[in-house]
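A look at the structure
Residue strings, one per chain:
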Amino acid sequence: MTSAQPRSLLLRRILAWSVHLLTAFSAVWGFLALLAVQKGDYRTAMLIMVASIVTDSLDGTLARLLNVKKYAPGIDGALLDNILDYFTYVIVPAYALYVAGILPEGWELAGALSILLTSAYQFSQVDAKTDDHYFKGFPSYWNVVVVYMLTMQIPPWISLGILVALNVLIFVPVKYVYPSRTVTARRWTLALTILYGAVVTYAILQYPQTSTWLMWVTLVYLLYYVGLSLWPKKPRKEEPAA
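Predicted model, so just to flag it, every value in this text is computed and none were measured.

A word on a nonpolar patch on the surface
- On the surface, Phe25, Val28, Phe31, Leu32 and Leu35 cluster together to form a nonpolar patch covering roughly 400 Å² of accessible area.
- Mapping Phe31 onto the fold places it in helix α1 (residues 4-38).
- A relative accessible area of 49% means that Phe31 is categorised as partly exposed.

What follows is the structure, given as structure tokens:
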């Protein structure tokens with residue numbers, strides 16, 4: 001082994017462990033978002049939620065690129081990701097639902113607890129993320145839901161109706177696109193996802209004077225996402241027998 005090889009191996013291990021650190025940083029984003037919600041600073045809370053989504057979108061791709069299973073095998077990256085996703089995608093928005101006046105008076109606690117329970121089921125399914133890289137059932141994008149409820153100032157009773165409908169959809173075994181791992185229309189999906197994130201971030205920066213029409217425009221992406229998710233999937237090819 002040449003002297004360059006140990007240095008190369010060390011660099012690969014440092015990069016691999018850095019990916020785990022990036023994933024773990026979602027815990028920081030989640031805690032800061034809770035503090036912002038507690039202070040009533042919903043714009044900052046939403047921006048931090050966006051930061052946690054960006055982190056979650058990047059870490060898996062980087063983990064595969066840098067082969068963390070080989071160079072940082074002491075950490076279960078998938079388990080770490082699931083724990084922190086439940087925190088940032090479910091617990092943080094549940095707290096926002098409870099304190100931000102989004103839901104009808106008297107329904108705040110029930111609404112928050114409902115997504116905690118249904119999402120616990122969604123996250124713990126053995127095929128919550130399918131082998132062909134889809135989410136089974138509504139994938140608990142509660143942080144995105146809260147962003148829409150706040151920026152569009154959706155009436156509380158309508159917000160409650162949306163909450164109930166999405167809770168039910170968690171149990172409906174529809175396969176939803178995993179944007180960063182989709183094969184169908186991959187380039188279009190990634191490009192539209194990045195554009196969507198940029199527009200939503202701009203809308204959040206305007207909060208509480210967000211232009212409602214801007215958020216309506218972003219619904220085009222959500223229709224695309226749902227349509228792509230419902231598009232007939234090609235069956236996976238069976239592996240040839242040994």
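Overview of helix α5 (residues 108-124)
- Spanning 17 residues, α5 covers 25 Å between terminal C-alpha atoms, matching the ideal 24 Å at 1.5 Å per step.
- Residues of α5 that are buried: Glu108, Gly111, Ala112, Ser114, Ile115, Thr118, Ser119 and Gln122. The buried side chains of α5 occupy one side of the element, clustering within an arc of 155° when seen end-on. The exposed residues of α5 that point more than 90 degrees off its buried face are Leu117 and Ser124.
- Buried residues along α5 sit against α4 (77-99), β1 (134-136), α6 (142-151) and α7 (156-169).

Here we look at α4
- For α4, built from 23 residues, the straight-helix expectation of 33 Å at 1.5 Å per residue is met to within 8% by its first-to-last C-alpha distance of 32 Å.
- Residue Asp76 occupies the N-cap position of α4, its side-chain oxygen lying 3.2 Å from the main-chain nitrogen of Ala78.
- One or two positions beyond α4, positive phi appears at Gly101, with a value near 70°.

With respect to the nonpolar core
- Core analysis: the biggest nonpolar cluster contains 46 residues, and Leu97, Ile102, Ile115, Trp142 and Leu150 have the highest contact counts within it.
- Take this core: its biggest share by element is 7 residues, from α6.
- Beyond its immediate sequence surroundings of up to four residues, Trp142 is in contact with Tyr89, Val90, Pro93, Ile115, Ser119, Leu163, Leu166, Asn167 and Ile170.

Digging into the pattern of salt bridges
- Evaluated as defined, the whole model comprises 3 salt bridges.
- One salt bridge connects Lys136 with Asp127, and the closest N-O pair in it is separated by 3.0 Å.
- The class for Asp127 is partly exposed, based on a relative accessible area of 30%.
- Lys175 serves as the salt-bridge partner of Asp132, at 2.7 Å between the closest nitrogen and oxygen. Highlighted residues: Asp132 in the loop between α5 and β1 and Lys175 in strand β2 (residues 175-177), separated in sequence by 43 residues.
- Its relative accessible area of 25% is what places Lys175 among the partly exposed residues.

Quick look at the side chain of Lys136
- Relative to the assigned elements, Lys136 resides in strand β1.
- Not counting the four nearest positions on each side in its chain, Lys136 is found in contact with Gln122, Gln125, Asp127, Ala128, Thr130, Pro173 and Val174.

Parameters at a glance
Residues numbered from 1 in each chain as written. Predicted model: local features only at pLDDT ≥ 70, side-chain atom pairs only at ≥ 80, totals over all residues. Heavy atoms only, no water. Patch = residues over 30% accessible without salt bridge, like charges linked within 9 Å, V, L, I, M, F, W, Y side chains within 5 Å. Areas by Shrake-Rupley, 256 points an atom, 1.4 Å probe, with all protein chains shown as cover. Salt bridge = Lys/Arg side-chain N within 4 Å of Asp/Glu carboxyl O. Helix = DSSP H or I, 4+ residues; strand = E, 2+ residues; numbered from the N terminus. Buried < 20%, exposed > 50% of the residue type's maximum accessible area, 1.4 Å probe, protein only. Expected span 1.5 Å × (residues − 1). Arc of directions from axis to C-beta. Contact = heavy atoms within 4.5 Å. Polar contact = N/O pair within 3.5 Å; in protein donor to acceptor, adjacent residues only side chain to side chain. Core = buried A, V, L, I, M, F, W, Y, C linked by side-chain atoms within 4.5 Å.

Remember that the coordinates give geometry; whether it matters functionally is a separate question.
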